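Given next are the chains, with one letter for each unit.
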Amino acid sequence: MEILVCVKRVPDATENEISVGPGGTDISREDLVYAVNEWDNYAVEEAIQIVDRVGGNVTVVALGDSEAEEVVRREMAMGAGQGLMLVDDAFRGADGLGVATILEAAARKGAYDLILTGAQADDGAAQVGGMLAALLDWPYASLVNKIEGEAGTLRIGRELEGGTQELSEIDLPCVLSIQTGINEPRYVGIRGIRKVASVEIPVLDAAALGLAAGAVGGAAAKARRLDYFIPAAGAGAEMLTGSTRELASQLVDLLKLKGGLH
Amino acid sequence: MPFAFLSPASAVYLGVPARLVFLLIPLAGAAVFIHMMIRRVRPLLAAAPDPRFGDVPARLWLVLKLWLAQWRQPRYFVAGALHILLFFAFLVLGLRSTQLVFLGFMETFTLPGFGGELGACYNVAKDYAATVCLLSVVLLAWRRGVVKPERYKVPAALGKDHTGEALLVLGLIGTLLVSESLFEACGLAAAPGEGAWAGTLAWAFRHLLAGCPGGFLGHLGVAAYAVHDLTFFYFLCLLPRGKHFHVITSLFNVFFMRLEPGHVKPVRHDVRDADLDKLETFGVKKLEDFTWKHLLDFYSCADCGRCSDQCPANRVKRPLSPRFITIKGRGHLFERYPLAGPQATGPAPLVGGIYSEDEIWSCTTCGACEEECPIGIEYIDKIVDLRRGLVEEGRVPPSLQKPLSSIEKRGNPWGKLEKKRADWIAGVGDGLKVKTADAGDAAPDLYFVDSMTSYDDRMQKIAQATARILGRAGVDFLILGKAEKDSGHEVRRYGEEMLFQSLRDENTQAILDCAPSRIVASDPHAYNALKHDYELGVPVTHVSELIQAGLRSGKLRPKPVADPTRVYTYHDPCYLGRHNGLYEAPREAIDAIPGLKRVEMAGACRDRSLCCGGGGLNLFYEPEEAQRMGVLRVAQAAQAGANVIVTACPFCLTNMEDAIKVAGLEGRMEAVDLCELVDGHLQA
């Protein structure tokens, strides 16, 4: 199976102290350490395990600048056979749709049976996987926590609310967004990273992908971030006291007052 | 009635001269034995190199102390005393046994030099040795067969009980003793007026046989000789097949044992750090990846169970038992390299085969096993090597992946910001402004704080107390500050060698840039790393030694203990005590406080100290265990009558404090750091 896994280089969630930046539209990015997006890491592990089972290749692709390459290399150290970088100034400031468009162009250049993305990244938008599937006109499933099967049709599990699990069948080729916990990603040590330090990673720019210069960057973005702030703290929760009967009675009064009961 | 002694060499039975038989038996026995020894040596030649041929005087000293003087045996007193008797009897009787072999085909034979006085003394010695030996054999058999001490037990999953083998060997030894004494007694019967030495086995037989006819005695003597000859060579050929191989290999195992604790072997002894990237594979994944000394360890295990008895992981029922690391290793070695038939080919990964991943991750590297083993078997290097193999394959427990990644990114296992590493200096007080390398300060002493003491809210108090003590003792010191990274002590021992080397190289550069003439550490793990894992060329000292020096010089003047009713006990941290021999300085520091009552945890202090649960990455690992090591330790402290545990390690302190809560002893037991204790009891 030919698998493409889309990965993103994001600020490491636990090793940084995140604060709102001076411009008010982004977090402060000085003194940040970056890592591969955690969901994407699970996706790469899953792809490697699938290929170990049924044969094939795993290609890891990332959008970004030369710094994003470190993340692709780390996933190759983990066991992905190929890397691919999509780099162009024209990509700067792309919104979710722009990212999905760029990835679509990259996907069409290969002959992939399966594309995996992480369920979400640092923005929490959780949209690129779905948009990519729509642009490719491929079937899509999100929050996948189990993948079985080989060619033709996959059996997948999806995690739903309240811990319930859904089992479905999906035809290949398809796009799946991967939920954390689908597997236990293997450790990548310094030695592994050094082993792939000089492996060639091809780079494609807008022209190589057949994308017009202004088609996907910040200028073409259909969603623009206006503000980024921590909401002002309110008065806090109102605590009710009394016996269960009294609490219930107070609650009913409050709900009537606030229009919650008709 | 007197009879002419019938020498086995001159006896004839059924027309066959016995001397032919008694020549054949040794020749056949020796041939089989030599074949077995060649087979046993072969895997050692296929194993990884291990340079253990230097420092011969130090090695000979260890042989004299551990092997000849059986120095570690009395640590388990009854078994130890019995074994010492058995061992010395073996040494003494070995000469007699050699002589006996020749007496089978030579009428008379004495070993060179044993003709006159020496020979006469020897004859006395050997008869008493044989008697004492038989007594020990009986007692040892009783211990194995009836008493059945806990540490000899074999869990069902790990195979058959070993009692049968033990009793067989004791039976063979007993047979050798009895047959030799009987032979001796028969010989004495032919020389009237010559009695056996009173109280010996030979003497007992001599009397038992007093009335027997001469002919009978002659044949009995030959029969006894034959039994001895056959048993001797059967026993000799049994040795390489099981735990009694140690009879032969223990001398070599002790000669080649590690000279200094606290070190970890390099990835491969014949590969320099700069060439490590060229290695195909890291660590131990299959049997031949072990060094020849580690395979020799497998051969030499006497299955005494002392290592596992002292192993804290074993005590809390983690899946690790050092004894079975060796026994299973030996079984695998015997299987892959059999005495007859072809060597096994085909892959045989160790972890996932004879060992489980959890088994290998359970070790805290406390060193209790290596401290206890009377034969010098090593465990820590094997565990580290097995971990290196697992790390290379990415098989690291999830609970450890996060802190390793944090150490890689931020230089500490919690992922906290580098610039906050020296924040603790704000709380030192005492009018002391701590110098830092970031600020461009300089000082002859460098206090290497390490991650735990720098970042943990509770442990920052240790750093602050240490700084105040150093100040009072007149030590002009600085800290690295932001440039300090985790020492990497556990990173290395958990098998992430390349991350350790990167930390080591960065720290070394930062340290040498300050050009200190001495390094001080309060964290025993940092102390051990800087002393043994780094090559700084600068002396490293622990703060307890500085306190000791300050007390002796009068620079540090202690005041009476705040609460004279409390009872203190000192818990020896593994990396201060066992790995570095620093037992007395902390005790001296505590005892210098007037009116302080201190007790020892009898039988569980100094080199028998029970590991608190482990430091560094051990704090993050989530093992399967019946209870925490710290809880056992706190119970020991309570049993010793203490209500304050003093320790000199931030990891011990955190494990003790957690254990006190888990054990429900809050309010009745307290844990305190040595520096906090001393700092709180210094005169103004």
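This is a predicted model, so every value here is computed, not measured. (Residues numbered from 1 in each chain as written. Chains lettered and ligands numbered in written order. Predicted model: local features only at pLDDT ≥ 70, side-chain atom pairs only at ≥ 80, totals over all residues.)

**Considerations on the overall build of chain A**
Inference 1: When helices and strands are tallied, chain A shows seven helices and eleven strands.
Inference 2: Considering only contacts in chain A between residues 6 or more positions apart, those separated by 24 or more positions represent 70%. (Helix = DSSP H or I, 4+ residues; strand = E, 2+ residues; numbered from the N terminus. Contact = placed C-beta atoms within 7 Å.)

**A closer look at the overall build of chain B**
Inference 1: Along its length, chain B carries 26 helices and eleven strands.
Inference 2: Burial analysis of chain B (684 residues in total) assigns 49% to the buried set.
Inference 3: When contacts within chain B are restricted to residue pairs at least 6 apart in sequence, long-range pairs at least 24 apart make up 78% of them. (Buried ≥ 20, exposed ≤ 12 C-beta atoms within 10 Å, placed from the backbone.)

**Overview of the sheet that holds strand E5 (residues 477-479) of chain B**
All names here are of chain B.
Inference 1: The strand order E3-E5-E4-E6-E7 describes an open sheet built from five strands, whose pairing is parallel. Only two strands of the sheet have a single neighbouring strand rather than two, namely strand E3 (435-436) and strand E7 (540-542).
Inference 2: Along the sheet, helix H21 (residues 524-533) contacts strand E4 (445-448), strand E6 (518-521) and E7; its crossing angle with E7, the most-contacted strand, is approximately 160 degrees. (Pairing = 2+ DSSP bridges. Axes fitted to C-alpha atoms, helices over the stretch in contact; angles between N-to-C directions.)

**So, the sheet that holds strand E10 (residues 174-178) of chain A**
All names here are of chain A.
Inference 1: In spatial order, the strands read E9-E8-E7-E10-E6-E1-E4-E5-E11; together these nine strands make up an open sheet with mixed pairing. Edge strands, defined here as strands with exactly one partner in the open sheet, are strand E9 (165-171) and strand E11 (203-204).
Inference 2: Summarising the sheet, strand E1 (residues 2-7) and strand E6 (residues 114-118) pair through four bridges and their orientation is parallel. The partner of Val5 across the bridge, within E6, is Leu116.
Inference 3: Seen against the sheet, helix H1 (residues 38-54) touches E1, strand E4 (57-63), E6, strand E7 (140-148) and E10 and runs at an angle of roughly 170 degrees to E1.

**Regarding the pairing of E4 of chain A**
Residue and element names in this part refer to chain A.
Inference 1: When you tally the buried positions in E4, you get six out of seven residues, the bulk of the element.
Inference 2: The sheet contact formed by E1 and E4 spans six bridges and is parallel. Bridge pairing in E4 links Val7 to Ala62.
Inference 3: Strand direction decides the pairing type here: E4 and strand E5 (residues 82-86), joined by five bridges, are parallel. Of the residues in E5, the one forming a bridge with Leu63 is Leu86.
Inference 4: Following the backbone out of E4, through helix H2 (residues 69-78) and into the adjacent parallel E5, one traces a crossover that is right-handed. (Right-handed = clockwise from strand over helix to strand, strands pointing away.)

**Thoughts on the domain arrangement of chain B**
Residues and elements named next belong to chain B.
Inference 1: By domain assignment, chain B separates into domain 1 (12-241), domain 2 (273-393), domain 3 (399-552) and domain 4 (555-679).
Inference 2: Of note, the centres of domain 3 and domain 4, computed from C-alpha atoms alone, are 22 Å apart.
Inference 3: Facing 36 residues of domain 3, the contacting portion of domain 4 comprises 31 residues.
Inference 4: Those elements giving two or more residues to the side of domain 3 that touches domain 4 turn out to be helix H16 (398-410), helix H17 (451-455), helix H18 (460-472), helix H19 (489-493), H21 and helix H22 (543-553).
Inference 5: Split into classes, the residues belonging to the side of domain 3 that touches domain 4 amount to 16 nonpolar, twelve polar and eight charged. (Domains from an automatic or database assignment. Nonpolar A, V, L, I, M, F, W, Y, C, P; charged D, E, K, R; others polar.)

**Some thoughts on the environment of Pro397 of chain B**
Inference 1: In this structure, Pro397 of chain B sits in the loop between helix H15 (380-392) and H16.
Inference 2: Setting aside residues no more than four positions away along its own chain, Pro397 of chain B makes contact with Trp361 and Tyr621 of chain B.

**Topic: helix H20 (residues 497-514) of chain B**
Inference 1: Between its first and last C-alpha, H20 of chain B extends 26 Å over 18 residues, near the 26 Å set by a 1.5 Å rise per residue.
Inference 2: Considered for burial, the residues of H20 of chain B that qualify are Glu497, Met498, Leu499, Phe500, Leu503, Arg504, Asn507, Ile511 and Cys514 of chain B. (Expected span 1.5 Å × (residues − 1).)

**Topic: the packing of helix H8 (residues 246-255) of chain B against helix H9 (residues 292-300) of chain B**
All names here are of chain B.
Inference 1: Contact geometry for H8 and H9: axes closest at 9 Å, N-to-C directions at 145 degrees. Crossing angle aside, the handedness with which H8 passes H9 is left-handed. On H9, the residues that touch His246, Thr249, Ser250, Phe252 and Asn253 of H8 are Leu296, Asp297, Tyr299 and Ser300.
Inference 2: Classifying every residue of the contact of H8 with H9 by side-chain character gives three nonpolar, five polar and one charged. (Left-handed = near helix turned anticlockwise from the far one by under 90°.)

**What to know about the packing of helix H5 (residues 163-189) of chain B against helix H7 (residues 214-238) of chain B**
Residues and elements named next belong to chain B.
Inference 1: Two numbers describe how H5 lies on H7: the axes approach to 8 Å, and their chain directions differ by 150 degrees. Classified by the angle their axes make, H5 and H7 are roughly antiparallel. For the element pair H5 and H7, the recorded crossing hand is left-handed. Of H7, the residues touching H5 (which contributes Leu172, Thr175, Leu176, Ser179, Glu180, Leu182, Phe183, Cys186, Gly187 and Ala189) are Leu217, Leu220, Gly221, Ala224, Tyr225, Val227, His228, Thr231, Phe232 and Phe235.
Inference 2: Split by residue class, the contact of H5 with H7 holds 13 nonpolar, six polar and one charged. (Parallel < 35°, antiparallel > 145°, perpendicular 65-115°, else oblique.)

**Details of the interface of chain B and chain A**
Inference 1: At the interface, 18 residues of chain B touch 15 residues of chain A.
Inference 2: Secondary structure elements with two or more residues in the side of chain B that touches chain A: H15, H16 and H20 of chain B.
Inference 3: The dominant element in the side of chain B that touches chain A, judged by the number of residues it contributes, is H16 of chain B, at five residues.
Inference 4: When the residues that make up the side of chain B that touches chain A are grouped by side-chain class, the tally is seven nonpolar, five polar and six charged.

**Focus on the pairing of E6 of chain A**
Inference 1: For E6 of chain A, a buried count of five out of five residues is recorded, marking the element as mostly surrounded by other parts of the structure.
Inference 2: Residue alternation in E6 of chain A divides its side chains into two sets, Leu114, Leu116 and Gly118 of chain A and Ile115 and Thr117 of chain A, and both sets are buried.

**Considering unusual backbone geometry**
Note on backbone geometry: most residues besides glycine have negative phi, and most peptide bonds are trans.
Inference 1: The step from Leu172 of chain A to Pro173 of chain A runs through a cis peptide bond, and the omega angle for that step is -5 degrees.
Inference 2: Summarising the element assignment, Pro173 of chain A is placed in the loop between E9 and E10.
Inference 3: Of note in this structure, Asp137 of chain A is not a glycine but carries a positive phi near 60 degrees.
Inference 4: Here Asp137 of chain A falls in the exposed class, since 7 other C-beta atoms lie within 10 Å of it.
Inference 5: Although it is not a glycine, Asp303 of chain B adopts a positive phi angle of roughly 60 degrees.
Inference 6: Tracing the chain through its elements places Asp303 of chain B in the loop between H9 and helix H10 (306-310).
Inference 7: For Asp303 of chain B, a count of 19 C-beta atoms within 10 Å corresponds to the partly exposed category.

**Overview of the nonpolar core**
General note: in soluble globular proteins, nonpolar side chains tend to be found buried as a group.
Inference 1: The biggest cluster of nonpolar side chains holds 202 residues, and the ones touching the most others in it are Ile3, Val5, Val60 and Ile102 of chain A.
Inference 2: Here this core takes seven residues from H1 of chain A, the largest share from any one element.
Inference 3: Setting aside residues up to four positions removed in sequence, Val60 of chain A forms contacts with Val5, Val7, Val44, Val72, Glu75, Met76, Ala80 and Gly83 of chain A.
Inference 4: Among the nonpolar cores identified, the runner-up in size contains 39 residues, and Ala11, Ala89, Val169 and Ala196 of chain B belong to it. (Core = buried A, V, L, I, M, F, W, Y, C linked by C-beta atoms within 7 Å.)

**So, the environment of Leu390 of chain B**
Residues and elements named next belong to chain B.
Inference 1: Counting through the fold element by element, Leu390 comes out in helix H15.
Inference 2: Once the C-alpha coordinates of Leu390 and Val599 are considered, the two residues, 209 residues apart in sequence, prove to be 43 Å apart.
Inference 3: In contact with Leu390, other than residues within four places in its own chain, are Val351, Glu357, Ile360, Arg395, Val396 and Gly495.

**Re H2 of chain A**
Residues and elements named next belong to chain A.
Inference 1: With respect to burial, H2 is a largely interior element, eight of its ten residues being buried.
Inference 2: When H2 is considered as a whole, its buried residues turn out to be Val71, Val72, Arg73, Arg74, Glu75, Met76, Ala77 and Met78.
Inference 3: Backbone geometry just downstream of H2 places Gly79 in the positive-phi region, at approximately 145 degrees.

**Describing the confidence of the model for chain B**
Inference 1: Averaged over chain B, the pLDDT score is 94; the fraction of residues at 70 or greater is 99%.
Inference 2: Among the scores for the predicted complex, ipTM is 0.86 and pTM is 0.93. (pLDDT = per-residue confidence, 0-100.)

**Re the environment of Ala368 of chain B**
Inference 1: Among the secondary structure elements, Ala368 of chain B is positioned in helix H14 (residues 368-372).
Inference 2: C-alpha separation for the pair Ala368 of chain B and Phe216 of chain B, spaced 152 residues apart in sequence, amounts to 57 Å.

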